[in-house]
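# Understanding the architecture of this molecule
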Amino acid sequence: MEELSRIMPPPADGGDPVDWEALRVDTGWELPADYRDFVAVYGMGRISDSIGISTPYFEGSPYEDHLLFRAAPRLADAELTWASNEAGDDFLWRCCGEPERWEVIFRPRSRHQDHTYGMGMAEFLLRLVRGEIHPPLEAELAMPVTFASWREEEKRLLDEDGNLEGF
């Protein structure tokens, strides 16, 4: 996370306050430590206005649709989508074994062939933004990479009266 934070500065207002223990008790899902760290530092948002990172529900979340919104109870072998981009590509975990051993799957919009990476989410993102791995993204990742939290996006969409622009 330290190296990723140098390359992609986190939002000034920090990440999102997920109650991980309550999540585990309520849903049966325990998520990888690097993902929990990412959520604490960055929270829900978009990388270079392209890759949308999902988080579990947290107090104050503005969205009903979240990481585990439609997820089945934790099974021994499952897949869980943690991000997607505007082109319809998905980023998932293969949830097999302990969360720290989950692999990242990149699933292009075409769905013809998954690409599996034997690493966690934070390492995958770090290597992606460094240009060390090249999944066949259908949407270009603008460089240098940026991260915009949902809070920043919400502020951008509000006019000076606090109303959503255009509504």
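Here, the structure is the one placed above.
Summary of the structure given here. (Residues numbered from 1 in each chain as written. Predicted model: local features only at pLDDT ≥ 70, side-chain atom pairs only at ≥ 80, totals over all residues. Heavy atoms only, no water.)

### Concerning the sheet that holds strand β7 (residues 147-149)
The strand order across the open sheet formed by seven strands is β6-β5-β4-β3-β2-β1-β7, and the pairing between neighbours is antiparallel. In this open sheet, the two strands that pair with only one neighbour each are β6 (115-117) and β7. Neighbour-to-neighbour, the strand axes of this sheet turn through a mean angle of 30°, independent of strand direction. For strand β4 (residues 90-96) and strand β5 (residues 103-107), the ladder comprises five bridges, and the chain directions are antiparallel. Residue pairing across strands places D90 opposite R107, the latter belonging to β5. Against the sheet, helix α5 (residues 150-157) makes contact with β1 (45-47) and β7, and its axis sits at roughly 75° relative to β7, the strand it touches most. (Pairing = 2+ DSSP bridges. Helix = DSSP H or I, 4+ residues; strand = E, 2+ residues; numbered from the N terminus. Axes fitted to C-alpha atoms, helices over the stretch in contact; angles between N-to-C directions. Contact = heavy atoms within 4.5 Å.)

### Quick notes on the side chain of D89
Note on placement: D89 falls in the loop between β3 (77-85) and β4. Put simply, D89 is tucked away with no salt bridge, and the nearest opposite charge, on R109, sits 5.7 Å away. At 2.9 Å, the side chain of D89 and the side chain of N85 are in polar contact. Of the polar contacts made by the side chain of D89, one reaches the backbone nitrogen of R109; its length is 2.8 Å. (Buried < 20%, exposed > 50% of the residue type's maximum accessible area, 1.4 Å probe, protein only. Lys, Arg positive; Asp, Glu negative; His and termini not counted. Salt bridge = Lys/Arg side-chain N within 4 Å of Asp/Glu carboxyl O. Polar contact = N/O pair within 3.5 Å; in protein donor to acceptor, adjacent residues only side chain to side chain.)

### Overview of the environment of W102
Note that W102 resides in the loop between β4 and β5. Take W102: its relative accessible area is 2%, and that puts it in the buried class. Spatially, the C-alpha atoms of W102 and G118 are 7.9 Å apart, while their sequence positions differ by 16 residues. Of the polar contacts made by the side chain of W102, one reaches the backbone oxygen of G97; its length is 3.2 Å. A distance of 3.5 Å separates the side chain of W102 from the backbone oxygen of E98, its partner in a polar contact.

### As for the pattern of salt bridges
Counted by the stated rule, this structure contains twelve salt bridges. E21 is the salt-bridge partner of R24, the closest N and O atoms lying 2.4 Å from each other. One end of the pair is R24 and the other is E21, both in helix α2 (residues 20-27) and three residues apart, which spans about a single turn. Owing to a relative accessible area of 35%, R24 belongs among the partly exposed residues under this scheme. R107 is paired through a salt bridge with E79; the nearest N and O atoms lie 2.9 Å apart. Within this pair, whereas R107 is found in strand β5, its partner E79 is found in strand β3, the two being separated by 28 residues in sequence.

### Brief notes about the state of the cysteines
In this structure the tally under the stated criterion is zero disulfides. Unpaired in terms of disulfides, C96 finds its nearest cysteine sulfur in C95, a separation of 9.0 Å. (Disulfide = S-S within 2.5 Å.)

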